[in-house]
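Residue strings, one per chain:
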Amino acid sequence: MQRGSTATEAGVHGCGTARSAIASTSRLSRFRLPPLLSFRLSLLAQLAHDQKDILMKFNDTLITLIKQSLEVGATPALMGEPGIGKSSFVEALAYSMGTKAFVLPCNQLADKADLTGARLVPTADGKSFHQVFYPHHVIQEAIDYAKINPREWPILFLDEINRTTSDVTSGALTLVTLRKMGDVGLPDNVRIIVAGNDKGNVTTLDEASLSRFAIFHVEPDTATLISILGNDMNPWVKKVLTQYPALVFQKSTPNAIVTDGQDDDDDGNVTMAELFDGGEEMNQLTTPRTIHNLSKWLNKADRQELASHLATPVQIGGRDTTLLNEAIEAFTGDTMFTTQLVATIAEDLASSSGGPVQNRVNVPKPNCYANLKAAGTVTNLAAQISGLTQNEVSGSLLYAMKENNDNARLIEQLAQAATQIEPEHTRTLFELVTTGQIDRQNLEAFLEVDTPIVAAVKPSLSAFL
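Residues numbered from 1 in each chain as written. Predicted model: local features only at pLDDT ≥ 70, side-chain atom pairs only at ≥ 80, totals over all residues. Heavy atoms only, no water.

A. Structural context of the overall build of the chain. Secondary structure assignment for the chain yields 24 helices and 14 strands. Considering only contacts within the chain whose residues lie at least 6 apart along the sequence, 77% involve residues at least 24 apart. In the form shown here, the chain has an accessible surface area of approximately 22600 Å², with 51% of it arising from carbon and sulfur atoms. (Helix = DSSP H or I, 4+ residues; strand = E, 2+ residues; numbered from the N terminus. Contact = heavy atoms within 4.5 Å. Areas by Shrake-Rupley, 256 points an atom, 1.4 Å probe, with all protein chains shown as cover.)

B. Region of interest: the pattern of salt bridges. Under the criterion given, the structure shown has seven salt bridges. The partner of Arg151 in a salt bridge is Glu392, and the shortest N-O contact between them spans 3.1 Å. Taken together, the positions of Arg151 in the loop between helix H7 (137-148) and strand E6 (155-159) and Glu392 in helix H20 (residues 390-402) put the pair 241 residues apart, joining distant regions of the chain. According to the relative accessible area criterion, Glu392 is buried, its value standing at 10%. In this structure, Arg303 and Asp348 form a salt bridge, with 3.0 Å as the shortest nitrogen-oxygen distance. Residue Arg303 is located in helix H15 (residues 303-310), and its partner Asp348 is located in helix H17 (residues 336-351); the two are separated by 45 residues in the primary sequence. In this structure Arg303 comes out as partly exposed when scored by relative accessible area, which is 33%. (Salt bridge = Lys/Arg side-chain N within 4 Å of Asp/Glu carboxyl O. Buried < 20%, exposed > 50% of the residue type's maximum accessible area, 1.4 Å probe, protein only.)

C. Region of interest: the confidence of the model for the chain. When pLDDT is averaged along the chain, the result is 79; 77% of the residues meet or exceed 70. Segment residues 41-54: pLDDT under 50, and 28 contacts once partners within four positions in sequence are set aside and those in other chains are kept. Scored below 50 in pLDDT, residues 353-357 shows eight contacts in the model against residues more than four places distant or in partner chains. (pLDDT = per-residue confidence, 0-100.)

D. Spatial organisation of the packing of H20 against helix H21 (residues 408-417). Two numbers describe how H20 lies on H21: the axes approach to 9 Å, and their chain directions differ by 150°. The angle between H20 and H21 falls in the class roughly antiparallel. Like other packed secondary-structure pairs, H20 and H21 cross with a definite hand, here left-handed. Every residue of H21 that contacts H20 at Gln390, Val393, Ser396, Leu397, Ala400 and Met401 is listed here: Leu410, Ile411, Leu414, Ala415 and Ala417. (Axes fitted to C-alpha atoms, helices over the stretch in contact; angles between N-to-C directions. Parallel < 35°, antiparallel > 145°, perpendicular 65-115°, else oblique. Left-handed = near helix turned anticlockwise from the far one by under 90°.)

Laid out in structure tokens, this is it:
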């Protein structure tokens, strides 16, 4: 839905899409869409009307605010529903900053000792004991990386900080406050971000604990999810989320409502709160995490197999539906997102059209890149490159190949200085090449350099020239 569109327009457009999908699938009489399609889609207008921007979305604005918080030494706390993409957001944030995120899931720790690594060891004379700290390996990896890359701000991400034991939460808060585990301190360039859930908390944080953070209540943002997943997002999924961005987070529809909509004490009015209250049942959710898993499954699925699933009627809890619905509900639940997605798939299968829509590949610009471009001579350029870390060299090489300028000289110097292309940069490089977003002349300049790292990727990259 475009910015500025009204909720009514969104609802009318949504129903029009549903009618189009049903009309298309009628050409394939063996295909049966769920009977509740019209009921679900009629709620889209109400959903758009009721949706309130009272939470921060995972978008560029939040990235800017988090970066500014880190710059002034604050510790951001991302609070929101599970599975909405907090971890992915932090990893993408670190990538945009030209550094790495080190993720520590606190809910997997049993007690504080798992976090601090506190151990009693004998003294040198063997007559007593003293405490020695061996921080969790994720913390130690962040410390080691920060020391090797002093110009970066690596992120230590303490996830699920309030969905663990009070002992572990206490240890995590100590790390945030004192920036040390016993006698092992964090380097000054390490930045900490924490995350937790607004509901179902195992450990409640008191006001004194909360005051240590810059708290951001967050919710998923469809545009950001599409950007992060890139070409991993299935085209059908992307089409649904582009049309109905509010469907990025949904809870399963209660069976009591979807069966016949009427109870003895039913007044005929269904509120949005009732619609999204799944009770105590273990119902799957539509979240960025489950959408990502579904996209991966759909990308592997055979079209003929999907058509067969769509033509196979089944019953789920008394509901007449299709095998395709059942398969997709395993990933994203019995939600309006699932219903709209099945309609979209059915429409495409009926028309035998459609293909993947390429997304813009995000390539972060390293902080050192401007100075490299400003180097007047090869000697000055080589001197600057010699002072870079390997991560900076790899990131600058990637950006130089993507930039629409003649970067042959810079690429040659960087390729000669690089001992490897970092794994995340390799992935981005191949995304740029396969989607045609790489600068062809710069890529050719790279492939002409006689170095081991070029030789390792040359056979694969040359196939796209």
